[in-house]
Every structure is written in structure tokens, then in C-alpha cells.
Amino acid sequence: MSSDYASDLLPTVARLGKEERRDHAKARLGFDRMGHRVRPGLYTLGSPNRESKVLVTANYTLSFDALRSALVGRDAFLLVLDTQGINVWCAAGKGTFGTDELLKAIEATLLAERVEHRDLILPQLSAPGVSAKAVKEGSGFTVKYGPVRAEDLPEYLDIGECTEDMRRARFDLRDRMVLAPVEMRNYRWGLILMLLAAVLIPFYGLMAMILTLGGLFLFPVLLPYLPGKALSFKGMVLGALLVTPFALFQTFPTADLVTVIAVVAEYLLLVPWIGYLALNFTGSTPFASRTGVKKEIFTYIPIMAIMSVSGAFLSAFGALGVVGGWL
Amino acid sequence: MMEIGVLDLEQLPTIKPINTLVFHPGRCVNCGMCLQVCPHRVFTPGERRVRMVNGADCMECGACQKNCPANAIEVDSGVGCASAMIIAALKGRDEVKCGEDCCR
């Protein structure tokens with residue numbers, strides 16, 4: 001495989017401009033998902049000398065920009081690995097941010113000739129892909145794992161080690177919120193279908209759409225406050241909360257049998273749907289394990305399936321009853 | 001005073017929480033790499049060897065196993081992503097790649 005690494009030093013700056021902000025907005029909205037790439041190679045930030053630190057990152061623009069913008073006013077080398085435009089954590093999970101790629105990058109950028117020392121600072125979340133021992137054996141460089149977040153780098157560089165807090169993966173409100181637009185894009189076809197349905201049956205089409213958008217945006221916000229441990233369960237609780245205003249609107253103050261059937265069907269269809277959206281949020285969190293998610297799939301998918309099928313039957317029964325005139 | 005020899009260390013029981021993480025304290029050389037790489041403080045420093053204190057919080061990322069020089073930690077690492085598992089199941093494959101196949 002041919003190496004795409006620049007063999008010359010590539011200059012860069014810590015301050016981000018308009019172009020970067022536009023790129024970030026597009027990435028956050030899910031446009032051109034695989035196209036947010038930086039050229040792999042060794043970058044110079046400020047004017048590093050042979051003693052300057054070497055920090056390693058992925059060639060995804062959000063990763064690279066998080067790193068360099070955290071280092072305002074500092075001189076450093078930034079070694080950008082070819083992770084095919086994937087962020088550090090995901091690339092490490094798949095091994096593209098890995099020992100082999102790091103060794104390849106060290107060699108291709110002639111790093112050993114450019115610095116006197118033999119230390120590399122890697123993001124902590126790259127550790128699933130990198131064996132510090134193998135890097136040492138393969139290149140002579142010592143891997144030091146820096147903080148989880150680039151924003152903690154100045155403090156880390158100043159004190160020379162990580163505090164307990166820097167080592168922990170957090171999932172703050174902001175981290176959860178930025179995911180909603182991308183999630184929305186993942187469900188765009190479903191949303192378009194609901195919009196089309198809204199033309200035929202306005203109440204139900206709009207209800208499904210509002211619930212889906214509500215699920216996608218409110219679930220990340222309310223995640224820590226919803227009851228239960230499984231994300232599916234939390235999602236189903238949120239689904240029930242979101243259906244209730246519609247149900248009350250339909251049944252207040254009185255309701256006939258058809259409306260009651262419709263309301264029950266709404267719960268049976270929409271509660272598992274929001275639960276399913278929530279289940280699919282597992283991959284976006286920094287705490288779901290494969291064992292846990294497997295368990296969750298086997299527990300909740302059957303429940304969701306039974307609810308949805310019952311809801312569909314009940315809807316069909318109600319619709320036939322109205323059309324047939326026997327309800 | 002009882003001396004702790006190699007044999008005794010090897011006989012320390014392995015510790016296994018509810019997931020696939022397994023810790024063999026007898027092999028631990030107390031280098032502290034797992035403390036560095038774990039994002040969920042599953043391990044805590046100890047006098048002679050680290051201690052596993054939050055096994056249930058493990059997300060099976062595999063960072064500790066990959067960086068343990070003494071093979072004291074085993075974990076069946078993988079990505080805890082329901083979308084990836086569901087898409088893989090639907091496509092009849094073992095695993096899907098983030099980006100190209102999934103999350104687009």
C-alpha cells in the first residue's frame with residue numbers, strides 16, 4: 001500500500017478560522033461524512049525545535065482541530081495518522097489508529113531525525129488500538145497517554161501528568177447534544193416518510209414526526225435523568241411521556257371506543273419506536289459495552305417487536321372497524 | 001512473617017465481573033498502564049499490584065489488555081454499538097465498519 005504521508009513538514013496554526021467552522025458545522029450535521037480529512041503527516045505548530053513535544057492524532061478534521069486549537073501559544077509537532085477520516089476513538093476501536101499505522105507514520109515522516117527525544121503523546125482514547133510496548137520495540141519511541149480531552153492538554157503539559165479527572169470519559173450535556181443533528185440525518189428517510197404520511201393522515205403523520213424528533217433531541221438531553229439502566233428502557237419511558245399529551249388531547253374530556261383503540265395503538269407503536277432510537281444511541285455513548293448491548297438487544301428487541309406487532313394489529317382492527325362500520 | 005513467593009501470586013484467584021473482562025492479579029507487575037488507559041477507572045492503584053474495583057463499568061474497549069505488558073488482563077473487546085450489531089446481523093456479516101457501512 002502506498003503511503004499518503006507527507007515526507008516534508010507541514011505548517012499549521014492553533015487558531016481556527018471561518019473555513020474550519022464551516023467544516024465543523026457540516027461534520028456535525030452529517031454532510032460528506034467521510035470527507036472531513038486532513039493530510040496525514042508531521043505538522044509544525046508554532047516553531048518547534050528538536051526538543052519539542054510530539055502529539056499524535058487522527059486525520060479527521062474535528063480531531064486535528066481539537067488538538068491544535070487546544071495548543072494556542074505553544075510550539076509542538078503534531079503527528080497526524082492516516083485513519084481514513086475517522087476520529088481517534090472509533091479508529092482505535094477498529095485498529096486504524098493502531099500500532100502499525102503509528103509505526104508507519106513515524107517512519108514516513110522521518111520523525112526520529114527531526115527530534116532529539118523519544119516520547120510521543122497519544123490521546124488516551126487511542127489506547128484500544130495501540131500497544132505502547134510494541135511501539136517501543138518497533139521504533140524506540142515511548143508512548144505516553146495524555147488526557148481523554150484535548151482541552152485538558154495545556155494543564156497536562158504544564159504539570160507533566162494527568163489528573164484523575166482527565167483520565168475519565170465524560171458525557172456532558174454538550175457532548176450529548178452535538179450528536180442529535182447527525183442522528184436526525186441517520187433517520188432522514190423515516191422522517192421524510194412520516195412527512196408524506198402527514199399529507200394523508202395529518203394527525204398521525206405529524207405525531208410520529210414530532211415524537212421522532214422529540215426522541216432524537218430530548219433523549220440525549222434527558223439521558224442521565226430517565227429511569228432505568230438500559231438505554232432502551234429509558235427510551236421507552238421517554239416515548240410514553242411524549243405520547244401522553246397527544247393521548248390526553250384525543251381522549252379529553254370524553255372518548256369513544258374507536259379513539260380508545262387508537263390511543264392504545266399509539267402507545268404500542270410509538271413507545272417501542274422511541275425505545276429503538278434510544279437503543280441505537282448506545283454506539284454514541286462512551287460507556288456501552290458489547291456484552292451490555294448484546295444483552296440489551298436480546299432483552300428489549302423482542303418486547304419492542306411484540307408491542308409493535310400488537311399495535312399494528314390494533315390499528316388495522318380499528319381502521320377496518322371504522323371503514324366497515326361495525327365500530 | 002509469611003513470604004509471598006511466585007507460586008502464591010500465581011494462585012491469586014482471577015477476578016471476573018459480569019462482562020468479558022478478566023483480571024489475573026498474580027501476573028500484575030504494577031506498571032500502572034491500565035490505570036492510564038482506562039476511561040472508567042475500573043482499576044485502582046495498589047501496593048503490589050493494581051486492584052480491579054469497578055469491573056461492571058468496563059466498556060470492553062480493550063485498551064488495558066492491549067497495553068498490559070504482563071498479560072494480566074483479558075477482555076473480549078468490541079464496540080458497544082447496537083446499530084452496528086443490528087446492521088451486521090441484517091447483512092449477515094460478523095462486523096460492519098463504522099463510516100463506510102454504518103452511521104452514514
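Bear in mind the structure is a predicted one, so any value in this text is a computation, not a measurement.

Attention now moves to the overall build of chain B. When you go through chain B residue by residue, the secondary structure sums to four helices and four strands. Long-range contacts, defined here as pairs at least 24 residues apart, represent 39% of the contacts in chain B between residues at least 6 apart. Surface summary for chain B: the accessible area is close to 5800 Å², and the carbon and sulfur share equals 52%.

This brings us to the packing of helix 13 (residues 257-279) of chain A against helix 14 (residues 290-324) of chain A. All names here are of chain A. The geometry of helix 13 relative to helix 14 is characterised by a closest axis approach of 8 Å and an angle of 150 degrees between their N-to-C directions. One way to sum up the angle between helix 13 and helix 14 is to call them roughly antiparallel. Read as a crossing pair, helix 13 and helix 14 show a hand that is left-handed. Across the contact of helix 13 with helix 14, the residue classes tally to 19 nonpolar, six polar and one charged.

Once that is clear, we can look at a nonpolar patch on the surface. All names here are of chain A. The grouping of Leu257, Phe317, Leu320, Trp326 and Leu327 at the surface amounts to a nonpolar patch, some 520 Å² of accessible area in total. Mapped onto the secondary structure, Trp326 falls in the segment after helix 14. In this structure Trp326 comes out as exposed when scored by relative accessible area, which is 52%.

This part covers the interface of chain A and chain B. Contact residues are listed per partner, giving 40 residues for chain A and 38 residues for chain B. Ranking the residues of chain A by area buried against chain B places Lys94, Arg168 and Arg290 of chain A at the top, with a combined share of 20%. At the junction of chain A with chain B, the criterion picks out three salt bridges. The tally of links between chain A and chain B comes to 17 residue pairs in polar contact (both at pLDDT 80 or more).

The next point concerns the domain arrangement of chain A. Residue and element names in this part refer to chain A. By domain assignment, chain A separates into domain 1 (6-170) and domain 2 (175-324). Here the C-alpha centre of domain 2 lies 40 Å away from the C-alpha centre of domain 1. Taken together, the contact between domain 1 and domain 2 spans nine residues of the former and seven residues of the latter. Interface area, domain 1 with domain 2, both sides summed: about 700 Å², of which 51% is carbon and sulfur. Our enumeration of links across domain 1 and domain 2 arrives at one salt bridge. Between Asp175 and Arg149 there is a salt bridge whose closest N-O contact spans 2.6 Å. At the surface where domain 1 touches domain 2, the tally comes to two residue pairs in polar contact (both at pLDDT 80 or more). A per-class count over the side of domain 1 that touches domain 2 returns four nonpolar, one polar and four charged.

Let's shift gears to the pattern of salt bridges. Residue and element names in this part refer to chain A. A full pass over the atoms with the stated rule returns 12 salt bridges over all chains. The shortest N-O distance in the salt bridge between Arg68 and Asp65 comes to 2.8 Å. With a gap of three residues between them, Arg68 and Asp65 both fall in helix 2 (residues 61-69), about one helical turn apart. Comparing Arg68 with Asp65, the two get one shared label, buried. Each of the salt bridges in this network shares a partner with another, and the network as a whole consists of Glu20, Asp65 and Arg68.

Attention now moves to the packing of aromatic side chains. Going through the model one piece at a time under the given rule, you end up with 11 aromatic pairs over all chains. Both rings, one in Phe203 of chain A and one in Phe249 of chain A, keep their centres 6.2 Å apart while their planes meet at 20 degrees; by these two values the pair is stacked. One end of the pair, Phe203 of chain A, is in helix 11 (residues 202-222); the other, Phe249 of chain A, is in helix 12 (residues 231-251), and 46 residues separate them in sequence. Pairing Phe23 of chain B with Phe43 of chain B gives two aromatic rings, centres 5.4 Å apart and planes at 75 degrees, and the pair type is edge-to-face.

About the criteria used
- Residues numbered from 1 in each chain as written.
- Chains lettered and ligands numbered in written order.
- Predicted model: local features only at pLDDT ≥ 70, side-chain atom pairs only at ≥ 80, totals over all residues.
- Heavy atoms only, no water.
- Helix = DSSP H or I, 4+ residues; strand = E, 2+ residues; numbered from the N terminus.
- Contact = heavy atoms within 4.5 Å.
- Areas by Shrake-Rupley, 256 points an atom, 1.4 Å probe, with all protein chains shown as cover.
- Axes fitted to C-alpha atoms, helices over the stretch in contact; angles between N-to-C directions.
- Parallel < 35°, antiparallel > 145°, perpendicular 65-115°, else oblique.
- Left-handed = near helix turned anticlockwise from the far one by under 90°.
- Nonpolar A, V, L, I, M, F, W, Y, C, P; charged D, E, K, R; others polar.
- Patch = residues over 30% accessible without salt bridge, like charges linked within 9 Å, V, L, I, M, F, W, Y side chains within 5 Å.
- Salt bridge = Lys/Arg side-chain N within 4 Å of Asp/Glu carboxyl O.
- Buried < 20%, exposed > 50% of the residue type's maximum accessible area, 1.4 Å probe, protein only.
- Buried area = accessible area lost by both parts, 1.4 Å probe.
- Polar contact = N/O pair within 3.5 Å; in protein donor to acceptor, adjacent residues only side chain to side chain.
- Domains from an automatic or database assignment.
- Phe/Tyr/Trp six-rings, centres within 6.5 Å; stacked < 30°, edge-to-face > 60°.

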